[in-house]
Every structure is written in structure tokens, then in C-alpha cells.
Amino acid sequence: MIEEESRRAFENATPAEWVVRSQESDYGIDLQVQIFEDNKATNLFFFVQLKGSDSLDVDGEVAGYRFKTERLRHYLDLTIPVMLVAYDAKSRRLFYDWVHAVWAGLDAEGVGKWHMQDSVAVRLSHFLSLESQKTVSSEVRQFYRERVGETAVLGPVTIQIVVNGGATTDESRRATADLASWAAKKDRSGKLRFVERDAEVELAVGVEERCLIWRRLRSSGRIELGSVRNDLSEPAFIAFVRVYLCLMLSAAGLRDLALELLRSIVLEESGVFSEPLLVLMQPQISTLFAKARRSYEGVELAEFLIEKGHVDAAVTLAVAVAAKGTEYVRQTYRGLLKRALGLVVEERRKATILYGLANSLRCSGCCREAFVTYLAAAQSDPDYYRREYWWSETAGSLFVSGHHRLSRVYYEVAVALAGEGTAEGRRIGALLADVLLALGDYPEARRVFDAALKDEERPIAEFVLKRWMAGFFAERFGRQFRRKGVALRMAQEAYRRPNEQQEELLSKVLPVDALCSFAWFNYAEALVQRGGEDGTGARLVTAILNWDWDCEASALAVLMLFLAGSVGDLWLMSALLDESVRRQGGGFWHALEKAIRVPAGREGQAREIVEKLREFAEKSTLMFRHPSDDAVTFRLIA
């Protein structure tokens with residue numbers, strides 16, 4: 001009875017012209033709704049999971065209800081938004097929220113619950129009634145713009161501009177009209193519509209307080225102009241408001257239009273600012289170009305700014321854009337930096353540009369040239385010698401170019417400057433341990449890894465696996481002077497011998513070079529075939545040494561660790577899963593399905609193993625973090 005009553009209540013809370021269709025009870029979906037506007041069908045659809053109860057947990061204007069997390073995770077993958085609705089039979093009220101909106105508001109603990117628990121309590125804090133029709137339409141439209149793109153939904157974004165503060169009514173109207181007319185001139189395709197209420201995007205401008213407050217459906221924020229600059233002229237303030245209007249349009253899904261407006265600001269109004277760095281230092285603007293996959297346009301704007309003499313602004317805009325762009329964009333960016341070097345005289349500014357150039361070279365794999373450029377930056381500004389990140393990044397370029405011993409020295413200096421117990425010191429310490437591993441000092445590598453990973457709640461999966469490998473090698477080989485060429489020739493010769501001789505011959509290769517991946521690949525197979533005690537460990541070593549290209553090695557190691565089933569094995573398996581999926585993507589899952597062997601008629605058992613490992617992979621993303629270049633990208637801006 002309550003179920004039927006909740007369904008009638010939902011239909012009464014939606015406009016009569018909307019079409020509500022019953023669904024097969026697949027993953028808990030009860031209804032599908034198609035929105036009609038002005039008696040015309042739209043391509044706006046949404047699903048509904050409807051729950052009714054006479055003992056709903058209601059606290060004021062918020063209702064709580066427990067949903068199965070397996071279903072919630074499934075809803076997040078759908079291309080149609082899913083509305084969660086709870087009906088309170090006592091008050092006859094409907095509470096709702098969207099699965100994607102609830103997910104976006106979760107903290108790390110909440111995300112963990114969605115992955116770790118069978119069910120989770122969701123707080124539904126919005127009333128559903130006929131009066132919420134426009135809000136629901138806007139929320140559905142917003143979902144499609146963000147997920148599919150602005151072309152997926154017809155109709156403009158509705159914007160409301162509110163000007164308040166100490167200004168008179170006439171001044172507020174003039175400011176509103178100015179912003180609206182400016183946007184309308186640039187918007188040639190009718191993607192914007194300015195309204196008085198019920199807007200998807202609201203931009204409130206404080207004239208006297210010089211602040212901006214923006215609201216976009218469920219999110220909002222406040223930007224205090226005084227925290228950036230207090231001496232702006234009125235034209236500069238207007239230009240500043242226009243820039244943030246572009247950011248709001250991007251957040252509302254009109255990314256291409258936002259970029260067109262932003263380009264017009266830089267190209268037509270750059271003279272308004274005494275230094276455009278005021279606006280262009282905002283990382284969101286660089287991110288906007290990167291997300292729209294129009295990084296090249298960002299670099300073009302930077303080149304325009306250089307022509308206008310705004311070197312610092314150009315470099316700041318280009319550095320963040322190029323970090324997310326293609327290799328062609330990076331090359332163009334490096335050309336821009338070289339032009340900028342010829343326009344500045346001060347040594348400190350030259351050092352900043354050289355440092356950005358070195359970072360770009362390192363990201364492109366030109367590590368020897370990057371090393372020389374890092375040194376040139378420090379020669380222009382000796383203060384770099386006191387910065388741990390300079391030593392760390394220079395050490396990284398040395399490591400990739402094969403100068404491991406010198407790289408170790410630079411990393412040791414970086415750790416000393418950062419402090420061993422600090423978060424930055426531990427991060428650099430893990431990189432130092434990686435160098436020690438490559439040098440064959442396995443006991444010391446294990447010790448440094450232990451110190452670097454101590455008390456880490458979410459360690460990097462790669463370092464967890466390499467710490468295990470350092471211990472595995474330390475127990476068997478101690479400290480080793482690696483003879484790479486000799487070991488590789490021995491391994492190739494062993495591979496040509498009959499299978500029964502390979503294990504013994506390959507075991508002689510590893511004391512010469514324990515990191516010989518070719519030897520491990522065949523040695524692990526021989527151990528597994530014979531049933532050797534170290535078969536699982538050998539498989540794991542093979543996967544770690546070859547994970548950049550060998551999906552099969554990763555899949556076999558994951559399967560053996562999964563079947564072993566101890567806590568330590570599952571921890572290593574989770575780390576290997578996380579790293580393999582990140583590096584190999586779908587190729588790993590394809591190799592895993594091929595690696596599972598089950599008797600005929602038990603194919604369902606293989607599917608169960610794959611599904612179980614997919615669940616482990618989802619949870620692994622919460623257990624481990626990934627190294628990121630963002631700190632390097634935005635350090636120049638800071």
C-alpha cells in the first residue's frame with residue numbers, strides 16, 4: 001500500500017505533461033521520466049529509484065534512507081541521471097537528490113563507505129513538488145551538459161546577474177545591462193539567456209565590497225577581489241567580473257562559449273589591466289583550456305601577451321596549459337619560453353623562465369637537456385640551490401638519463417633540505433630508494449623505502465611493490481654490483497637450452513644482475529611449472545619489472561596472489577592491480593580473462609573471479625594514490 005501511495009505521490013509532484021513510465025526492476029530502477037517543455041518532447045530523460053516508508057528517518061527538512069552501494073555505483077556509470085526519492089507516509093512528503101550530486105559532495109571517508117560497505121545512508125535534502133519543476137529540469141539539463149557536452153541538450157543556459165552593495169539602483173541596472181549586452185554580442189549562437197529568477201547560474205556582484213558570489217545549482221563560492229588586488233579601476237573590475245562569468249559558463253557546461261568569451265577579453269581588453277597577471281594567474285583558466293582540449297589556443301593567447309609586452313602573464317598562462325597539452329603544444333610552449341628569455345633582463349626572471357623550460361623538457365623525456373637547463377636556472381638565481389624541489393627534479397632528470405650515481409647524490413641533498421620526517425622528505429625519500437634499487441643496494445633501498453612509507457595512509461602503489469621487491473632481493477642477493485650486459489647475454493643463452501636446463505642456468509644469471517627482466521620472465525615460468533616455493537614471488541618480480549609492456553605477466557601474478565589469499569598477498573595484489581590497471585587499462589583485463597583456466601562447464605567460476613578482482617580494483621583506487629605532476633606544474637605560479 002505504501003509503495004502504491006508513494007508512486008501516486010510522485011506522479012502528482014511532476015507536471016502532467018511529463019511522461020512517467022514504469023521500468024523493469026533492474027538495479028532498483030522504478031521509473032523513467034521524460035521531460036516535456038511547452039508541450040514539446042525534449043531529449044531530457046531521468047531514472048527514479050522510489051522508496052516509501054512510514055518510519056522514514058526525517059530530521060527537519062532532511063530525510064535519510066539506506067541504499068545498496070552496488071546499485072549506487074552502477075548508477076554513477078549510467079549516461080542518464082538517477083534521482084533517489086524517499087516518500088514519508090506520515091507527512092506525505094517526497095524528499096529527493098541525485099546520485100551524481102550526492103557522490104560529488106562526499107569526502108574521502110564517504111567515498112570509502114560507498115566502496116567498502118554493502119549499504120550506505122543517503123541524506124535527501126530537497127522537497128519534490130510541482131513547484132520544483134524548473135529546478136529539476138535545470139538539474140537534468142546540467143547533468144547532460146557536463147557528461148555529454150553542450151550539444152546534447154537544446155536550449156540556452158539561463159543566467160541571472162545580481163548587482164548589490166552601496167550603488168544606486170540605476171548604477172546596478174547599468175552594470176547588469178553592460179555585462180548582459182557584452183555577453184549577448186559575443187554569443188552569436190543563442191546559448192545564453194538572461195532571466196530574473198530560477199537561473200542555472202547566478203552571478204552576484206558586490207559593487208561596494210568588490211566581491212563576487214556565484215551559485216550554480218548545488219554549489220556556490222565567494223571571490224573577494226581585495227585578496228587579489230585592492231587598487232583596481234572600474235574598467236578593470238568589470239573585466240574581472242567578465243572573466244569569472246566565463247568560468248561560470250564553463251562550469252555550467254558551455255565550455256566552448258566560455259573560451260570564446262575569454263579569448264575576447266584577452267585580445268580586446270588586455271590594455272585595461274596594468275598587468276594581466278591579475279586574471280591569468282588563476283589556475284582555473286589554464287585548466288579550462290586543457291579540459292576543452294584546446295591547449296594550443298591557450299599557448300596562442302600567451303604568445304599574444306608576449307607581443308603586448310606582458311611576459312610574466314604569458315609565461316604563467318602557458319605553463320599550466322602546456323602541462324596538459326600534446327607534445328606539439330609543449331614544443332610550441334618551449335619556443336614561447338625561449339622568446340621570453342630574449343625579452344627579460346633581470347636574472348631572477350630569467351631563472352624562472354629557465355626553470356619552466358627545464359620542467360617541460362623533462363616531461364617530454366629530453367632529460368639531458370633538462371639537466372643542463374636546471375643548472376642554468378640555478379646559475380641565474382642561486383636561491384634555487386636552497387630549494388629541495390630543484391634538487392629533486394634535477395635528480396629525476398639524471399635518473400631517467402641513466403646517471404644513477406649522480407642522481408643519488410642530488411636526491412640525498414633534497415632529502416636533507418626537506419627534512420627526513422616531513423611529508424616532502426618522505427616523498428623524495430621514496431624516489432631516492434628507487435635509485436638505490438637501480439644501483440643494486442637492495443638492503444639500503446629497503447631501509448629507505450621503510451622510512452618513506454612509514455605512517456603513509458595512502459602510499460603510492462609502485463613504491464609499495466618496489467619496497468617488497470627490495471626486501472626480496474636483499475634476502476637473496478644482499479648488495480650487488482650489477483653487470484647488466486653480462487646477465488642479459490647469459491639469460492639469452494639459457495633461453496636457447498632445453499626447458500629442463502633453463503631453471504638452473506637462469507638461477508646463475510640473477511646473482512649477476514637481480515633486475516634482469518628477461519631472466520625473471522623465463523625463471524618464473526620454470527619455477528611455476530616445477531611447483532617451486534618461490535613461484536608466486538618470481539611471478540610478482542616479473543610483473544613489476546615488465547608492467548610497462550607485459551599485460552600477461554601482471555595478470556598471472558595477480559591470479560597467483562589472489563589464489564594464495566593471505567593478508568600480505570592480498571595487499572600486494574591490490575597494489576599490483578592498481579598499478580596494472582592504471583598503466584595497461586583494458587589490456588590487463590583482456591589478459592586476465594585469457595589467463596584464467598577452468599574446466600569445461602565451469603565458465604561461471606571464471607566470471608566470478610574476474611568480477612571479484614574488478615571489485616578489488618575499485619577499492620584499490622582508495623587505498624593507493626598516484627604520483628602527479630601538478631605540484632611541478634603550479635610551483636612556478638606559486
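Residues numbered from 1 in each chain as written. Predicted model: local features only at pLDDT ≥ 70, side-chain atom pairs only at ≥ 80, totals over all residues. Heavy atoms only, no water.

K.L.:
Where do I start with the sheet that holds strand β1 (residues 19–22) in this structure?
P.N.:
Here six strands make up an open sheet; going across it, the order is β1-β2-β3-β6-β7-β9 and the pairing mixed. Both outer strands of the open sheet, β1 and β9 (126–127), are each paired with one neighbouring strand and no more. Two elements, strand β2 (residues 31–37) and strand β3 (residues 40–53), share six bridges in a ladder whose sense is antiparallel. Residue pairing for β3: Val33 is matched across the bridge by Phe46. Helix α1 (residues 2–12) contacts β1, β2, β3, β6 (82–88) and β7 (93–98) of the sheet and is inclined by roughly 150° relative to β3. (Pairing = 2+ DSSP bridges. Helix = DSSP H or I, 4+ residues; strand = E, 2+ residues; numbered from the N terminus. Contact = heavy atoms within 4.5 Å. Axes fitted to C-alpha atoms, helices over the stretch in contact; angles between N-to-C directions.)

K.L.:
Sorry if this is basic, but what is going on with the nonpolar core here?
P.N.:
Generally speaking, a soluble globular protein has its nonpolar side chains buried in company with each other. In this structure, Phe473, Leu576 and Leu613 are the most contacted members of the largest nonpolar core, which totals 148 residues. Formed by 24 residues, the second largest nonpolar core is a distinct cluster that contains Val33, Val48, Val136 and Phe143. (Core = buried A, V, L, I, M, F, W, Y, C linked by side-chain atoms within 4.5 Å. Buried < 20%, exposed > 50% of the residue type's maximum accessible area, 1.4 Å probe, protein only.)

K.L.:
Looking at this structure, how should I read the pattern of salt bridges?
P.N.:
When their charged atoms lie close together, side chains carrying opposite charge are able to pair. Using the criterion set out here, one finds 31 salt bridges in the structure. The partner of Arg467 in a salt bridge is Asp450, and the shortest N-O contact between them spans 2.6 Å. With Arg467 in helix α20 (residues 461–477) and Asp450 in helix α19 (residues 442–453), this pair connects stretches of sequence that are 17 residues apart. Relative accessible area serves as the criterion here: at 36%, Asp450 is assigned to the partly exposed category. When salt bridges that share partners are traced, they join Asp434, Glu462, Lys466, Asp548, Glu579, Arg582 and Arg583 into one network. (Salt bridge = Lys/Arg side-chain N within 4 Å of Asp/Glu carboxyl O.)

K.L.:
Help me understand the sheet that holds strand β5 (residues 62–68), please; the structure alone is not making it clear to me.
P.N.:
On the basis of which strands lie adjacent, the open sheet formed by three strands has the order β4-β5-β8 and antiparallel pairing. Of all strands in the sheet, those with a lone pairing partner are β4 (57–59) and β8 (119–124), marking the two edges. Across the sheet, the mean angle separating the axes of adjacent strands is 30° when strand polarity is ignored. Two strands pair when backbone bridges link them, and β5 and β8 are joined in this way by six bridges, in the antiparallel orientation. Among the inter-strand pairings, Gly64 is bridged to a residue of β8, identified as Arg123. Across the sheet, helix α2 (residues 69–77) touches β5 and β8, and the angle it forms with β5 is around 95°.

K.L.:
Before we go on, may I ask you to explain the environment of Thr316 in this structure?
P.N.:
For Thr316, the location among the structural elements is in helix α12 (residues 311–323). In sequence terms Thr316 and Ala302 are 14 residues apart; their C-alpha atoms lie 8.4 Å from each other.

K.L.:
Looking at this model, I keep getting lost on unusual backbone geometry. Mind explaining?
P.N.:
In this model, Asn39 sits at a positive phi of 65°, which is unusual for a non-glycine residue. Not every positive phi belongs to a glycine, and Arg92 is a case in point at roughly 55°. Inspection of the secondary structure puts Arg92 in the loop between β6 and β7. With a relative accessible area of 65%, Arg92 lands in the exposed category.

K.L.:
Help me understand α20, please; the structure alone is not making it clear to me.
P.N.:
Because the α-helix completes a turn every 3.6 residues, residues three or four places apart line up on one side. The terminal C-alpha atoms of α20 lie 24 Å apart, and with 17 residues this matches the ideal 24 Å at 1.5 Å per residue to within 8%. Burial analysis of α20 places 13 of its 17 residues in the buried class, which makes it a mostly covered element. (Expected span 1.5 Å × (residues − 1).)

K.L.:
Got a minute to help me understand the packing of helix α22 (residues 499–509) against helix α23 (residues 517–530) in this structure?
P.N.:
Think of two packed helices as two axes; the pair is described by the angle between the axes and how far apart they sit. Between α22 and α23, whose axes approach to 9 Å, the crossing angle comes to 135°. Of the possible angle classes, the one that applies to α22 and α23 is oblique. With respect to the hand of their crossing, α22 and α23 are arranged in left-handed fashion. Contacts between α22 and α23 involve Gln502, Glu503, Leu506, Ser507 and Val509 from the former and Ala519, Asn522, Tyr523, Ala526, Leu527 and Arg530 from the latter. Residues belonging to the contact of α22 with α23 are distributed by class as follows: six nonpolar, three polar and two charged. (Parallel < 35°, antiparallel > 145°, perpendicular 65-115°, else oblique. Left-handed = near helix turned anticlockwise from the far one by under 90°. Nonpolar A, V, L, I, M, F, W, Y, C, P; charged D, E, K, R; others polar.)

K.L.:
Mind showing me how you'd approach the pairing of β5 here?
P.N.:
Each regular strand shows side chains that alternate between the opposite faces of the sheet. Pairing geometry for β4 and β5, over three bridges, is antiparallel. Pairing of Asp57 across the sheet is with Gly64, part of β5. The antiparallel pairing of β4 with β5 creates a hairpin that spans two residues between the two strands, and Gly60 there sits at a positive phi of about 70°.

K.L.:
Even after reading the chapter, I still don't get the packing of helix α18 (residues 423–439) against α20, so can you show me in this structure?
P.N.:
At their nearest, the axes of α18 and α20 sit 11 Å apart, and the two run at 40° to each other. The orientation of α18 with respect to α20, classified from their angle, is oblique. As α18 packs across α20, the resulting crossing turns out to be left-handed. In this structure, α18 uses Ala430, Leu431, Asp434 and Leu437 to contact α20, whose residues at the interface are Glu462, Phe463, Lys466, Met469 and Ala470. Considering only residue class, the contact of α18 with α20 consists of six nonpolar, no polar and three charged.

K.L.:
Hey, could you run me through the side chain of Glu503 in this one?
P.N.:
In this structure, Glu503 sits in helix α22. Setting aside anything within four residues of it in sequence, one finds Glu503 in contact with Tyr523, Ala526, Leu527 and Arg530.

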